[in-house]
Amino acid sequence: MDEQDFTLHSRFAIRPRLHLVVDTELQKETRLEPRLVKLLCTLAKRPGQLVTRAELVNQIWNDYGGAEAGLNHAISSLRTILHDSSKELIETVPTRGYVLNAEVQPFSKGTNTKVAWLKGLPRRSILYPSAVFLAASGIYFFSRPQ
């Protein structure tokens, strides 16, 4: 699932190539840094199975010296993004690793109607210039001499 879009629990649309998680309930998108994407994809490849800390440190941080702290922080960040305050979605197996307790489905157009709105999201590149234009027009209109 590294490059393929997928959904978690029919709520979160994961778009790895775009480094994006979309919460379809809140209609909120969150950009992830590359290591968080890789971590989430690694866990999603093996839902319900233990993925060891050593494996994650090796695959994502290339056995970097500070990787243990980085892994802890990354898991915490993913839990925040996925609204997993109970730590049930990403379960910690003390000293061993993590288990993703989620239904993982490949994302396709017909997979989940909740995620269909993704294709219709307005692009920020259109919204910001439009907002600036409207603001400038409003300022001109209300500040011109009569």
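Everything below is about the structure shown above.
Every value quoted in this text rests on a predicted model; they were computed, and no experiment measured them.

Cut-offs applied
- Residues numbered from 1 in each chain as written.
- Predicted model: local features only at pLDDT ≥ 70, side-chain atom pairs only at ≥ 80, totals over all residues.
- Heavy atoms only, no water.
- Axes fitted to C-alpha atoms, helices over the stretch in contact; angles between N-to-C directions.
- Helix = DSSP H or I, 4+ residues; strand = E, 2+ residues; numbered from the N terminus.
- Parallel < 35°, antiparallel > 145°, perpendicular 65-115°, else oblique.
- Contact = heavy atoms within 4.5 Å.
- Nonpolar A, V, L, I, M, F, W, Y, C, P; charged D, E, K, R; others polar.
- Pairing = 2+ DSSP bridges.
- Buried < 20%, exposed > 50% of the residue type's maximum accessible area, 1.4 Å probe, protein only.
- Core = buried A, V, L, I, M, F, W, Y, C linked by side-chain atoms within 4.5 Å.
- Salt bridge = Lys/Arg side-chain N within 4 Å of Asp/Glu carboxyl O.

## Section: the packing of helix α2 (residues 53-61) against helix α3 (residues 67-81)
And then number 1: Remark: α2 packs on α3, axes separated minimally by 10 Å, with the N-to-C direction vectors making an angle of 95°. Put simply, α2 runs roughly perpendicular to α3. Between α2 and α3, the contacting residues are Arg53, Leu56, Val57 and Trp61 on the first element and Ala67, Glu68, Gly70, Leu71, Asn72 and Ala74 on the second.
And then number 2: Counted by class, the contact of α2 with α3 contains 6 nonpolar, 2 polar and 2 charged residues.

## Comments concerning the sheet that holds strand β5 (residues 50-52)
And then number 1: Strand order in the open sheet formed by 3 strands is β5-β7-β6, with antiparallel pairing between adjacent strands. Bordering the open sheet on either side are β5 and β6 (90-93), each of which pairs with just one other strand. Sheet twist, expressed as the average angle between the axes of neighbouring strands with direction ignored, equals 30°.
And then number 2: Summarising the sheet, β6 and strand β7 (residues 97-100) pair through 4 bridges and their orientation is antiparallel. In the strand pairing of β7, Val93 is matched with Gly97.

## Notes on the pairing of strand β2 (residues 12-15)
And then number 1: Neither face of β2 is open: one carries Phe12 and Ile14, the other Ala13 and Arg15, and all of them are buried.
And then number 2: Relative to β2, strand β1 (residues 6-8) runs antiparallel, the two sharing 3 bridges. Of the residues in β2, the one forming a bridge with Leu8 is Phe12.
And then number 3: For β2 and strand β3 (residues 20-23), the ladder comprises 4 bridges, and the chain directions are antiparallel. Counterpart to Phe12 in the pairing with β3 is Asp23.
And then number 4: Here β2 hands over to β3 after 4 residues, with His19 in that stretch at a positive phi of 55°.

## Concerning the nonpolar core
And then number 1: With 31 residues, the main nonpolar core has Leu8, Leu39 and Leu100 as its most contacted residues.
And then number 2: Of all the elements in the fold, those that place two or more residues in this core are β1, β2, α1 (34-45), α2, α3 and β7.
And then number 3: Ranked by the residues each element gives to this core, the list is headed by α1, at 7 residues.

## Quick word on the pattern of salt bridges
And then number 1: Scanning all chains against the criterion turns up 6 salt bridges.
And then number 2: Linking Arg11 and Asp23 is a salt bridge whose minimum nitrogen-to-oxygen distance equals 2.7 Å. Here the residue Arg11 occupies a position in the loop between β1 and β2, and Asp23 occupies one in strand β3, the gap between them amounting to 12 residues.
And then number 3: Its salt-bridge partner being Arg46, residue Glu55 comes within 2.5 Å of it at the nearest N-O pair.
And then number 4: Accessibility expressed as a relative area gives 22% for Glu55, which makes it partly exposed.

Worth remembering: the numbers are spatial, not functional.
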